[in-house]
Amino acid sequence: MTDEPAPGTIGAISIAYADYCASVAHAVADQADAVERLIDAMTSAGAIHCYGFGRSGNAVASLAIRLRHFQRVLKDVWLVSDQVRNPFEPGELFVAFSRQGTRFELLKYVERARELGLACAFVTSKPVGEGAASHLYEPGDIVIELPPINPALLSPADLYGGGDFELAANLFQEILVTCIGFRHEIPTSDVEDRHVP
């Protein structure tokens, strides 16, 4: 007899996702230099433009909301594709969350950002030099790679719709926001003061 939950049960699936989150946290820690570069780029940017589509869009929208709480340190933060935002300007930062980096809208935004001299940062599950997203990257870009879940962790249950990337992206944005707040000694009261009720 074992204390492990039976495969495919809520307990087993919960443990699988907890193990996956731990692997994402380790992957982010292993990329500390890239994360620090992203924080530096956010701090020095004239504005930050965040993009994602679908569930990736939800994760990046969470990031944009959280970064707006840090106006003590950061300039304006905009959600790309939102109808109320500023245009891209040189000296700003474009941040995209995209599992594969293949959406035509993303490609157009990246093209426009590069034309105007924005720095670019990508949070993806496709490693540099491999897979669909690698065509996006140029030298000097900031790339954070989030690992995909090993489907065997969930077996015999299936992974539905690639939700692992969105889970990883949400975890990443929480890590990033906490690092920014700690580095810049931003009081937690700023979140309450700048939160839209």
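One can find the structure itself at the top, above this paragraph.
Residues numbered from 1 in each chain as written. Predicted model: local features only at pLDDT ≥ 70, side-chain atom pairs only at ≥ 80, totals over all residues. Heavy atoms only, no water.

Peer 1: What's the story with the nonpolar core in this structure? I'm lost.
Peer 2: It is characteristic of soluble globular proteins that their nonpolar side chains tend to be buried jointly. Membership of the largest hydrophobic core comes to 40 residues, with the highest contact counts inside it found for M42, I48, L63, L146 and F172. With seven residues, helix 5 (residues 163–183) is the single largest residue contributor to this core. When sequence neighbours within four positions are dropped, the list of residues in contact with F172 reads V28, V35, L38, F97, V123, I144 and L146. By size, the runner-up hydrophobic cluster in this structure holds 14 residues, among which are V80, V110, Y137 and V143. (Core = buried A, V, L, I, M, F, W, Y, C linked by side-chain atoms within 4.5 Å. Buried < 20%, exposed > 50% of the residue type's maximum accessible area, 1.4 Å probe, protein only. Helix = DSSP H or I, 4+ residues; strand = E, 2+ residues; numbered from the N terminus. Contact = heavy atoms within 4.5 Å.)

Peer 1: Sorry, what's going on with helix 1 (residues 10–30) here?
Peer 2: Side chains that are three or four residues apart share a direction in an α-helix, a result of its 3.6 residues per turn. If you check helix 1, its first and last C-alpha atoms are 30 Å apart, about what 21 residues at 1.5 Å a residue would give, namely 30 Å. Among the residues of helix 1, those classed as buried are A12, A16, Y20, V24, A27 and V28. Projection of helix 1 onto a plane perpendicular to its axis shows the buried side chains occupying an angular sector of 155°, all on one side. Residues of helix 1 that are exposed and point more than 90 degrees away from the buried face comprise I10, H26 and A29. Along its buried surface, helix 1 packs onto helix 2 (32–44), strand 5 (142–145) and helix 5. (Expected span 1.5 Å × (residues − 1). Arc of directions from axis to C-beta.)

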